[in-house]
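Examination of the molecular architecture
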Amino acid sequence: MIEALESLVLSLADDELLMGHRHAEWIGLGPILEEDIAFASIAQDETGHAQAYYQLLTDLGLSSPDEYAFKRQPNAFRSAHLVELPNFDYDYGLALMRHFLYDAAEQVRLEALRHSTYEPLAGLAERLLREEKYHWMHAYTWVQRLGRSTEEAHLRLQSALDQLFPYAWMLFEEMPYEPDMVEAGWIPPSSDLRNLWLAQITPWLREAGLVHTQPSESALLPLKGARHGLRSLYFDELYAEMTEVSASDPEAEW
Amino acid sequence: MKKSLDPRIRRAEPELWQLPQRPLEALEHWPTYEVFVLRTRGSHAQHVGSLHAPSPDIALLLAKEQYARRSPCVALWVVPTEAILWTSPEDEELFTPATDKSYREPQGYLHTRERLEKYRDRLKPTSA
């Protein structure tokens, strides 16, 4: 069962770790000072959430948070490809749309985890939801505002949605050992969570005049296997940068 | 979000934010909002600073990270700066008394008890 628990917790933690890092790449580049600070703060929250998830495994005698974050082989990661995607040419529309799709998924996952039969996870979910409430407000408020503002803003959000939607869909790829997790009452099936996620995002997208359609099989095919260790082509560069400092002195205490 | 029983109080209802938004003209800045923080339930709102935002709802969003991150907060207010009527610092003489009115300041009340006791003593009938 420990393999099943590690599979679940790493999926949650690795998403947070890499999303936090990608958001943090915006520090100093945000569209206005106030938003730069707010978004950087969200990035910092996500990284903290990753640490808290890893700690659940550490408490069971597995690796430490630092070992999970900085000393793993790429194929030991369980992150979705959505969070590995780079910021490309730093279009804030793309950053906001990823934040929106991702934090809607966070809402749904954490709400479900609150009722997890694995108590340490249920307790942590309860705690993280406090911060996530703000993330979700921040995300939908901007998407709704910008979606209904100028034609340029609307087009940029729509093209971001088109580009990201298959990736976001695959946040809910079935995890290894998922039947065991579901049977133990740790988390509902990923396909159920995906439906809840669609219900979470659809009213806000409609409000913003944005359209999403179910991704085709051919769009999803190259994204399959992320939860089983298959990394996107962006991972290596990202991980090299994330681990640059810790690799410079692996024995250092931080 | 719970509605306040006080009709003067308008609470943010994030799910229902439907405020009109006017697109900015070229080179136009967003307006500023003044931010107030309530440190504990029932405490008075303290002004903590200002920020730029395109609308009141986004002012609240941004205020949370600007001003409620490093110290306790149970609620935030935002007020459009232009809604505030203020006296000019050039008129500060309005607040400067022309004669000594230190008796109205807190230290003016410092010796009240002593004076009262002294007065009471004077009223006591002297034993013959």
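The shown structure was predicted, so the numbers you read here are calculated from the model rather than taken from an experiment. (Residues numbered from 1 in each chain as written. Chains lettered and ligands numbered in written order. Predicted model: local features only at pLDDT ≥ 70, side-chain atom pairs only at ≥ 80, totals over all residues.)

Concerning the overall build of chain A
A tally of helices and strands in chain A yields 12 helices and 0 strands. Ordered by position in the sequence, the α and β elements of chain A form the string α-α-α-α-α-α-α-α-α-α-α-α. Against the compact-globule benchmark of 18 Å for 254 residues, chain A has a radius of gyration of 18 Å, which places it among compact chains. Each of the three principal axes of chain A carries a C-alpha extent, and together these read 55 × 45 × 35 Å. Here chain A, with 254 residues, has 41% of them falling under the buried criterion. Considering only residue pairs separated by 6 or more positions, chain A has 77% of its internal contacts joining residues 24 or more positions apart. (Helix = DSSP H or I, 4+ residues; strand = E, 2+ residues; numbered from the N terminus. Rg over C-alpha atoms; globule rule 2.2 N^0.38 Å. Buried ≥ 20, exposed ≤ 12 C-beta atoms within 10 Å, placed from the backbone. Contact = placed C-beta atoms within 7 Å.)

Details of the nonpolar core
Core analysis: the largest hydrophobic core is formed by 83 residues, its most contacted members being A:Val9, A:Ala13, A:Val143, B:Ala59 and B:Ala63. Tallying contributions element by element places helix 5 (residues 92-113) of chain A first for this core, with 13 residues. Once you skip the residues sitting within four places of it in the chain, A:Ala13 turns out to touch A:Ala50, A:Tyr53, A:Tyr54 and A:Tyr68. (Core = buried A, V, L, I, M, F, W, Y, C linked by C-beta atoms within 7 Å.)

So, the confidence of the model for chain B
Residues and elements named next belong to chain B. Here chain B shows a mean pLDDT of 85. Residues at 70 or above account for 84%. Predicted confidence is poor over residues 16-20, with pLDDT under 50, and the contacts of this stretch with residues over four places away or in other chains come to 5 contacts. This prediction of the complex comes with two scores: 0.85 for pTM and 0.79 for ipTM. (pLDDT = per-residue confidence, 0-100.)

Quick notes on the environment of A:Arg114
Residues and elements named next belong to chain A. Positionally, Arg114 belongs in the loop between helix 5 and helix 6 (119-147). On the neighbour-count criterion, Arg114 (16 C-beta atoms within 10 Å) is partly exposed. Counting along the chain gives 59 residues from Arg114 to Glu173, while the straight-line C-alpha distance between them is 21 Å. Filtering out sequence-adjacent residues up to four positions away, Arg114 remains in contact with Ala122, Ala125 and Glu126.

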